[in-house]
Amino acid sequence: MTKVLVLYYSSYGHIETMAYAVAEGAKSAGAEVTVKRVPELVPEEVAKSSHFKLDQAAPIATVDELDQYDAIIVGSGTRFGTVTSQMRNFWDQTGGLWFAGKLVGKVGSVFASSATQHGGQESTILGFIPTLLHHGMAVVGLPYSFQGQMGTEEVKGGSPYGATTIANGDGSRQPSEIELEGARFQGAHVAKIAAKLSA
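Predicted model, so just to flag it, every value in this text is computed and none were measured.

What follows deals with helix H5 (residues 121–134). Gln 121, Thr 124, Ile 125, Phe 128, Ile 129, Thr 131 and Leu 132 are the residues of H5 that are buried. An end-on view of H5 places all buried positions within 160° of arc, on one side of the element. Looking at the buried side of H5, the elements it contacts are strand E3 (71–79), strand E4 (82–83), helix H3 (85–91), strand E5 (107–114), strand E6 (138–139) and strand E7 (164–166). Residue Gly 136 follows H5 closely and has a positive phi angle near 80°.

Next up, the structure:
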């Protein structure tokens, strides 16, 4: 069975919600799916005073386990147009995996969120793809066969680079159903391609 890791960082719960939608999609394609998060770097008192979502049930991932999966789908909020420092710090510790070529040929994919419609969702995904390519991974996005990313009838995230959601400046907007559909589609799409590559 194809093994998929959904690896995320979420301060306020938006990416956590998207991560479980991605996982649902991968499971629907027959994959064995694990959802984990990267360690928090913010001191607990600062996280509490900033109203971070601290009751996330997903266990903390370790760098050493990444090579156990056929696909890794990475989710992160946007900080100044790129992934969060928590996600970057985690991947900056993968030099040993890179040196040994442990992720070569595996599938990598990215999803993201930002506060505003033009707050860096695409640049966050595009900026992280080189990390996957340096590891020799095959990058998979969210193809236009997911028609939900088309149209202007509502404000919505999503691009051919990956599923996205818009949180609003105060975090009040939760992922919409069409954004969650995009996340599920991406999860299923990655799982299907990973199954073909690992066969």
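So much for the structure itself; the text now carries on.
In this section: the environment of Ser 85. Among the secondary structure elements, Ser 85 is positioned in helix H3. When the C-alpha positions of Ser 85 and Ile 129 are compared, they lie 16 Å apart, and in sequence the two are 44 residues distant. A distance of 3.3 Å separates polar atoms of two side chains, one belonging to Ser 85 and the other to Gln 86.

Here we take up the UniProt feature "domain: Flavodoxin-like" (unreviewed entry) in the protein chain. Taking the UniProt record as the reference, the feature "domain: Flavodoxin-like" (unreviewed entry) is found at residues 4–190. Between the first and last C-alpha atoms of residues 4–190 the distance is 9 Å; the span itself is 33% helix and 19% strand.

Mapped onto the elements of the fold, Lys 156 is located in the loop between E6 and E7. Separated by 2.9 Å, the side chain of Lys 156 and the backbone oxygen of Gly 148 make a polar contact. Engagement of the side chain of Lys 156 in a polar contact is seen with the side chain of Glu 153, the distance being 2.9 Å. Ignoring anything within four residues of it in the chain, the contact list for Lys 156 reads Gly 148, Gln 149, Met 150, Gly 151, Ile 166, Arg 173, Ile 178 and Glu 179.

What follows covers the UniProt feature "binding site: FMN" (unreviewed entry) in the protein chain. Here, UniProt's "binding site: FMN" (unreviewed entry) annotation points to Ser 10, Ser 11, Tyr 12, Gly 13, His 14, Ile 15, Thr 78, Arg 79, Phe 80 and His 134. Taking the farthest pair of C-alpha atoms as the criterion, the annotated set spanning 125 residues is dispersed, since that pair is 29.8 Å apart. As for its placement among the helices and strands, Tyr 12 is situated in the loop between strand E1 (3–9) and helix H1 (14–28). Ignoring sequence-local partners within four residues, the contact set of Tyr 12 consists of Ser 50, His 51, Phe 52 and Lys 53. Of note, His 134 is situated in helix H5. Classification of His 134 by relative accessible area gives exposed; the value is 61%.

Bringing the packing of aromatic side chains into the picture now. What the rule picks out here adds up to 3 aromatic pairs. Ring centres of Tyr 12 and Phe 52 lie 5.2 Å apart, and the angle between their planes is 75°; this geometry places the pair in the edge-to-face category. Of this pair, Tyr 12 sits in the loop between E1 and H1 while Phe 52 sits in the loop between helix H2 (44–49) and E3, and the two are 40 residues apart along the sequence. You can call Tyr 12 partly exposed: its relative accessible area is 45%.

Quick look at the environment of Val 190 now. Relative to the assigned elements, Val 190 resides in helix H6 (residues 177–198). Put simply, Val 190 and Ser 114 are 76 residues apart on the chain and 22 Å apart in space, counted from C-alpha to C-alpha. Those residues within four positions of Val 190 in sequence are excluded, and the remaining contacts are Ala 71, Ile 73, Val 107, Ser 109 and Val 140.

To continue, consider the pattern of salt bridges. For side chains bearing opposite charge, pairing can occur when the charged atoms are close. Tallying each qualifying case throughout the model produces 10 salt bridges. Across the pair Glu 65 and Lys 36 runs a salt bridge whose closest N-O atoms are separated by 3.0 Å. Of the two residues, Glu 65 is situated in the loop between H2 and E3 and Lys 36 in strand E2 (residues 32–37); the sequence distance between them amounts to 29 residues. Summarising the burial analysis for this pair, Glu 65 and Lys 36 share the class buried. With its nearest N and O atoms 3.3 Å apart, the salt bridge here joins Lys 48 to Glu 44. Linking Lys 48 with Glu 44, this pair stays in helix H2, spanning 4 residues, or about one helical turn. Given a relative accessible area of 51%, Glu 44 falls into the exposed group. Through salt bridges with shared partners, one network takes in Glu 16, Lys 53 and Asp 55.

Cut-offs used in this document
- Residues numbered from 1 in each chain as written.
- Predicted model: local features only at pLDDT ≥ 70, side-chain atom pairs only at ≥ 80, totals over all residues.
- Heavy atoms only, no water.
- Buried < 20%, exposed > 50% of the residue type's maximum accessible area, 1.4 Å probe, protein only.
- Helix = DSSP H or I, 4+ residues; strand = E, 2+ residues; numbered from the N terminus.
- Arc of directions from axis to C-beta.
- Contact = heavy atoms within 4.5 Å.
- Polar contact = N/O pair within 3.5 Å; in protein donor to acceptor, adjacent residues only side chain to side chain.
- UniProt positions renumbered as here; feature names shortened; annotations may be inferred.
- Phe/Tyr/Trp six-rings, centres within 6.5 Å; stacked < 30°, edge-to-face > 60°.
- Salt bridge = Lys/Arg side-chain N within 4 Å of Asp/Glu carboxyl O.

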